[in-house]
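# Remarks on the overall topology
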Amino acid sequence: MDINPEIKTYPDIGQLAFGNNGRIIISVFMYLELFLLSVEFLILEGDNLHKLFPNVHLHIFGKNIGGKRVFILLSALVMLPTTWLNLALLAYVSVGGILASIILVSSVFSVGAFEGVGFKERGVLWRWNGLPTAISLYTFCYCGHAIFPTLCNSMKNRSKFPKVLLICFTISAISYGIMAILGYIMYGEDLISQVTLNLPTRSIGSKIAIYTTLINPLTKYAIVVSPLATAIEDALSLHTSRPARLTVRTVLVRTILVISTVVVALFIPFFGSIMALIGSFLSISASILIPCLCYLKIDKTSRKFGIELIVIVVVLVLGFFVAVMGTYMSVRDIFKNINAK
């Protein structure tokens, strides 16, 4: 983006490196990743609300809808208006997500330390057959690359973007690490894909943790959907000369997009398996493999034999291995869950 000011989005980088084919490939990976991530937010809401209110049912058109499906639908209705906001306004909404993350980690620690759960559980620390899935899940936590160009262009001072990335990745690494360790030493082998589903519902810390978990998707769903909605609007030539202006057609596009994520969330409501699939197939491709390939193509000096080239090749080889193995295992788990359902 610094080399060529005309680059505004991630697909633009792909086009600069590999032409139209590069743009198409990156667009497919990026937008599919964002779409499934928004599906994950709905599943997250459904799982945690169902844990709090397990007996809620609705009768719609003569059909009884219960379980987390009710809460997936209700969550989508609450999130829908946020998708109609522009990106600048969403920045203020996302601050709530940062505060929610801090409260969440503190609440889980409180449950373990002061509410009888303790930190005594132990399990198998290392399993080779679980490595691809673990790396896939870990990669998922850092899969924001697809929206980095959009965020950078929305900043008043783009020169501060590297500092923003450094702060975000540092805070994320600390919070993810603490949460992983807490969940492991609190529940060991019985740990569920969402630690909030393990927590006892009657404790105060658990309720705070679950409620703050519910806040996070509300603050991030629209940010994830925004680049996808913008791409559709551009393709349909729905943008006006006033970016902040809300039109009936843009509202319709974003509403249909939300409905489509609801449909997927209702049919494949498996949080951990979908997260692993996103991490292995889409996140590793969009955040590790494709950036390395684009860099090698755009910067000819990077192809000279040296430490940098060796590191890039190692990253590509390891990334490809994890992508293949992780994708296979996550797809296998999804089909297992569907058949069990």
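Residues numbered from 1 in each chain as written. Predicted model: local features only at pLDDT ≥ 70, side-chain atom pairs only at ≥ 80, totals over all residues. Heavy atoms only, no water.

Taking an unreviewed UniProt entry as the reference, the protein chain is identified by name as Amino acid transporter AVT1I-like belonging to Olea europaea subsp. europaea. The protein chain has a UniProt comment under Subcellular location (unreviewed entry) that states "Membrane". (UniProt positions renumbered as here; feature names shortened; annotations may be inferred.)

### What about the UniProt feature "transmembrane region" (unreviewed entry) in the protein chain?
Here, the residues flagged by UniProt with the feature "transmembrane region" (unreviewed entry) are residues 24–44, 70–92, 98–119, 164–188, 208–230, 251–268, 274–296 and 308–331. Annotation note: span residues 208–230, helix share 100%, strand share 0%, distance between end C-alpha atoms 35 Å. Helix makes up 100% of residues 274–296 and strand 0%, and the two end C-alpha atoms of the span are 31 Å apart. (Helix = DSSP H or I, 4+ residues; strand = E, 2+ residues; numbered from the N terminus.)

### Section: the nonpolar core
By size, the foremost hydrophobic cluster in this structure holds 44 residues, and its most contacted members are Tyr10, Leu34, Leu42 and Tyr221. Those elements that provide at least two residues to this core are helix H1 (10–52), helix H2 (68–79), helix H7 (204–235), helix H8 (248–267) and helix H9 (271–298). Looking at this core, the element that brings in the most residues is H1, giving 15 residues. Non-local contacts of tyrosine 10, meaning those with residues more than four positions away in its chain, are made with Ile26, Met30, His145, Ala146, Pro149, Ala286, Ile290 and Pro291. Val105, Leu182, Met186 and Tyr187 belong to the second largest nonpolar core, which has eleven residues in total. (Core = buried A, V, L, I, M, F, W, Y, C linked by side-chain atoms within 4.5 Å. Buried < 20%, exposed > 50% of the residue type's maximum accessible area, 1.4 Å probe, protein only. Contact = heavy atoms within 4.5 Å.)

### Here we look at the pattern of salt bridges
In this structure the tally under the stated criterion is five salt bridges. Linking arginine 127 and glutamate 189 is a salt bridge whose minimum nitrogen-to-oxygen distance equals 3.0 Å. One end of the pair, arginine 127, is in the loop between helix H3 (87–114) and helix H4 (131–140); the other, glutamate 189, is in the loop between helix H6 (161–187) and H7, and 62 residues separate them in sequence. Residue glutamate 233 pairs with arginine 254 through a salt bridge whose shortest N-O separation is 2.7 Å. Placement of glutamate 233 in helix H7 and of arginine 254 in helix H8 is noted, with a sequence separation of 21 residues between them. We classify glutamate 233 as buried; its relative accessible area is 1%. Given a relative accessible area of 10%, arginine 254 falls into the buried group. (Salt bridge = Lys/Arg side-chain N within 4 Å of Asp/Glu carboxyl O.)

### Regarding the packing of aromatic side chains
Scanning all chains against the criterion turns up ten aromatic pairs. Note on phenylalanine 109 and phenylalanine 114: the rings are 6.3 Å apart at their centroids and 90° apart in plane angle, and the pair reads as edge-to-face. You can call phenylalanine 109 partly exposed: its relative accessible area is 40%. Judged by its relative accessible area of 64%, phenylalanine 114 falls in the exposed class. Centroid distance phenylalanine 148 to phenylalanine 161: 6.1 Å. Interplanar angle 75°. Geometry classified as edge-to-face. Of this pair, phenylalanine 148 sits in helix H5 (residues 148–154) while phenylalanine 161 sits in helix H6, placing them 13 residues apart in sequence. A single burial state applies to phenylalanine 148 and to phenylalanine 161, both of which are buried. A connected cluster of aromatic rings, assembled from ring pairs, spans Tyr138, Tyr142, Phe148, Phe161, Phe169 and Tyr176. (Phe/Tyr/Trp six-rings, centres within 6.5 Å; stacked < 30°, edge-to-face > 60°.)

### Observations concerning H8
Between its first and last C-alpha, H8 extends 29 Å over 20 residues, near the 28 Å set by a 1.5 Å rise per residue. For H8, the set of buried residues is Thr250, Val251, Val253, Arg254, Thr255, Leu257, Val258, Thr261, Val262 and Ala265. Against H1, H2 and H7 lie the buried residues of H8. (Expected span 1.5 Å × (residues − 1).)

### Thoughts on the environment of isoleucine 43
Summarising the element assignment, isoleucine 43 is placed in helix H1. As for isoleucine 43 and valine 314, which are separated by 271 residues in sequence, their C-alpha atoms are 35 Å apart. For isoleucine 43, the contacting residues outside a window of four places in its chain are Ala265, Ile268, Pro269, Phe270, Phe271 and Ile274.

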